[in-house]
Amino acid sequence: MNKIKWLATAVLITGTVINNLHIYPLGAIIMSMGGVLWLIAACYMRDKPLIVTNVALCILGITALVIGVYR
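Residues numbered from 1 in each chain as written. Predicted model: local features only at pLDDT ≥ 70, side-chain atom pairs only at ≥ 80, totals over all residues. Heavy atoms only, no water.

A. Spatial organisation of the overall build of the protein. Helix and strand content of the protein: three helices and zero strands. For the protein, the spread of C-alpha atoms along the three principal axes comes to 40 × 20 × 10 Å. Across the 71 residues in the protein, those meeting the buried criterion constitute 24%. For the protein, the share of sequence-separated contacts (at least 6 apart) that also reach a separation of at least 24 residues comes to 46%. (Helix = DSSP H or I, 4+ residues; strand = E, 2+ residues; numbered from the N terminus. Buried < 20%, exposed > 50% of the residue type's maximum accessible area, 1.4 Å probe, protein only. Contact = heavy atoms within 4.5 Å.)

Structure (C-alpha cells):
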C-alpha cells in the first residue's frame, strides 16, 4: 500500500510541475492519473474523506479534459 501512495504522490508532483510549465493536456492527464491512484489507495484503506476528495478531483479533472477537447 505504501508503494501505491508514494507512486501516487510522485505522479501528482510530476503533474503539478507539468501544469506549471503550461503543457496541456499532459499535465491534466497526469494529475488525473495521480488522483485515480490515490483513489485506489483510499478505497483500500477505507478512508472516506480521501475517497470523497479523490472522486471529486477525478471527476473535475476528467470533465476539464473533455471540455478542453471540445473547445
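Read on, since the account is not over.
B. Representation of a nonpolar patch on the surface in the model. On the surface, Ile13, Val17, Leu21, Ile23 and Leu26 cluster together into a nonpolar patch covering about 450 Å² of accessible area. Within the element layout of this structure, leucine 21 appears in the loop between α1 (2-20) and α2 (26-45). Residue leucine 21 is classed as exposed on the basis of its relative accessible area, which comes to 55%. (Patch = residues over 30% accessible without salt bridge, like charges linked within 9 Å, V, L, I, M, F, W, Y side chains within 5 Å. Areas by Shrake-Rupley, 256 points an atom, 1.4 Å probe, with all protein chains shown as cover. Salt bridge = Lys/Arg side-chain N within 4 Å of Asp/Glu carboxyl O.)

C. Looking closely at the packing of α2 against helix α3 (residues 48-69). Interaxial distance between α2 and α3 falls to 9 Å at its minimum, and their mutual angle equals 155°. The angle between the axes of α2 and α3 places the two elements in the roughly antiparallel class. Between α2 and α3 the crossing geometry is left-handed. Facing Ala28, Ile29, Ser32, Gly35, Val36, Trp38, Leu39, Ala42, Cys43 and Met45 of α2, the residues of α3 in contact are Leu50, Ile51, Asn54, Val55, Cys58, Gly61, Ile62 and Leu65. Considering only residue class, the contact of α2 with α3 consists of 14 nonpolar, four polar and no charged. (Axes fitted to C-alpha atoms, helices over the stretch in contact; angles between N-to-C directions. Parallel < 35°, antiparallel > 145°, perpendicular 65-115°, else oblique. Left-handed = near helix turned anticlockwise from the far one by under 90°. Nonpolar A, V, L, I, M, F, W, Y, C, P; charged D, E, K, R; others polar.)

D. Structural context of unusual backbone geometry. Following tyrosine 24, the chain continues to proline 25 via a peptide bond in cis, the omega torsion being 10°. Within the chain, histidine 22 stands out as a residue other than glycine whose phi angle is a positive 60°. Here histidine 22 lies in the loop between α1 and α2. Residue histidine 22 is classed as exposed on the basis of its relative accessible area of 71%. A positive phi is found at arginine 46, a non-glycine position, where the angle reads about 55°. Turning to its location among the elements, arginine 46 is positioned in the loop between α2 and α3. Assessed through its relative accessible area of 72%, arginine 46 is described here as exposed.

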